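Secondary and tertiary structure notes
This is what each chain is made of:
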Amino acid sequence: MLRQGYHKSFSELFTLIQKWNALREAAGPGSAIWQQKSLEEQPDKLDQLYHFLTRAEAAQRAGHYEEVYDNQLNLACCFNDPEDKWLRNYFYEQCFNTAQLVKIDGEKRKAQAHANMGLINEEQGHVMKAAEHYEAFYQLTEGLTWKDETGHTYNSLACEHLWRIYTLLADKMLENKEHQQAIKTLIKALKMAKEGGDKKMEGEAEYCLSLAYHFAGEQETALSVLNTSVKIFTELCDSAGLGRAYAAITKILASQRKADETIKYLEEFMKTAEDAHLSQGLVDACVLLGNFYNEKGNYNKAFEYFSQASEAARTSNNLALVDETKTYCGIAKAHKLMVAFNSHIEAEDPISLKYLLAWKENGSDMCADPLTVELDTETSASKPL
């Protein structure tokens, strides 16, 4: 580098080597970075750094800042492995600084740089700073048709980033009981989801907004927004989304003691899942119905729905789900048995005692008729050996 006159590139490379050594020392023995080779011992990375740093320096001398940016971006893309993130982030920051000097691309590179800085800040937990960069990305791409290598427009990506970051901000607000501020932020997230044109994202945004209304005590508004999310998830045949939305509806209606409406919604969920052949959705619907009846003390009905859930789980070939639904069935059976057991305990008469003794001896799920049990015992005892 020095022989060819690239003093700036050499200085930058030397600074990066020093930075890596400082990071390693700060992490200390036993850390992941301590086990890694230093930059000087990794010729492939040195070759990439030499190639793009010198090209960037040559472009800078010629005043071609768009080429400087492109070479710095290439370097950032070279270091995507987890252990190299510090290098990636360094070059994204360099890209951001260089993008401010580019004048001939309609601010396309500046938009890219804001998107990448947003991702860095989001990864590092600086949510507010990330939001600022994503908002700048959105403003710079609004109404334009720029696309990335996957064919997505920059503006749709900006909408997706803002939907995600606004949702994260709202989560923090809800944790701090700032319900109205969270609602305003989630309304912005919903706007971004709609503009982005992704129905899955829109359904999730509606669902999150409904929860904020629920936590704020605005139950009717929450139900209205949840109904919208249910329509979107139904169109998408999204079992997971439907399960979460109907579970939230059930919780709200149960808090309002609207049992009939709860059953109506859950039966609607069950029918939707059956019609769309959504095995996971059918399991979720049956479990929700089973839990509802279980809490109401109707254990026969609860066992019926848990059994249907178990059957649906078996058709999905999901062993973990099968085991889960078996547990629900066991709980309902135990509750059914407890009702009969308690009734005999409370009766405190000889016949009830015989029922309990017979049940204990034959080990069946339900208390048997003691007369039948005695007859069976006598018959078996009279049989010749």
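See the structure above.
Presented here is an overview of the structure given in this document.

Conventions and cut-offs
Residues numbered from 1 in each chain as written. Predicted model: local features only at pLDDT ≥ 70, side-chain atom pairs only at ≥ 80, totals over all residues. Heavy atoms only, no water. Phe/Tyr/Trp six-rings, centres within 6.5 Å; stacked < 30°, edge-to-face > 60°. Buried < 20%, exposed > 50% of the residue type's maximum accessible area, 1.4 Å probe, protein only. Lys NZ or Arg CZ within 6 Å of the ring centre and 35° of its normal. Helix = DSSP H or I, 4+ residues; strand = E, 2+ residues; numbered from the N terminus. Salt bridge = Lys/Arg side-chain N within 4 Å of Asp/Glu carboxyl O. Expected span 1.5 Å × (residues − 1). Contact = heavy atoms within 4.5 Å.

Looking at the packing of aromatic side chains
Applying the stated criterion across every chain, the model contains 8 aromatic pairs. Between Y90 and F91 the ring centres are 4.9 Å apart and the planes differ by 80 degrees, which places this aromatic pair in the edge-to-face class. Here the two residues Y90 and F91 agree in accessibility, since each one is buried. Taken together, F79, Y90 and F91 form an aromatic cluster joined through their ring pairs. Above the face of the Y207 ring, R244 is positioned so that its terminal group lies 5.0 Å from the ring centre. Positioned above the aromatic ring of Y265, the side-chain terminus of K264 is 5.3 Å from the ring centre.

Looking at unusual backbone geometry
With a phi close to 70 degrees, E107 is a non-glycine residue in the positive phi region. Secondary-structure assignment places E107 in the loop between helix 5 (85–99) and helix 6 (108–123). By relative accessible area, which is 36% here, E107 ends up partly exposed. The phi dihedral of C237 falls on the positive side, at around 55 degrees, and the residue is not glycine.

With respect to the pattern of salt bridges
Applying the stated criterion across every chain, the model contains 18 salt bridges. In this structure, R88 engages E123 in a salt bridge whose closest nitrogen and oxygen atoms are separated by 2.6 Å. Here the residue R88 occupies a position in helix 5, and E123 occupies one in helix 6, the gap between them amounting to 35 residues. Across the pair K129 and E132 runs a salt bridge, and its minimum N-O distance is 3.7 Å. Linking K129 with E132, this pair stays in helix 7 (residues 127–141), spanning 3 residues, or about one helical turn. Judged by its relative accessible area of 46%, E132 is partly exposed. Among the charged side chains, a salt-bridge network with shared partners connects K200, E204, D238 and R244.

Let's talk about helix 4 (residues 65–78)
With 14 residues, helix 4 extends 20 Å between its outermost C-alpha atoms, agreeing within 8% with the 20 Å of an ideal straight helix rising 1.5 Å per residue. Within the span of helix 4, buried status applies to E66, V68, Y69, N71, Q72, L73, L75 and A76. Contacts made by the buried residues of helix 4 are with helix 3 (43–61), helix 5 and helix 6.

The values are spatial; any link to function lies outside them.
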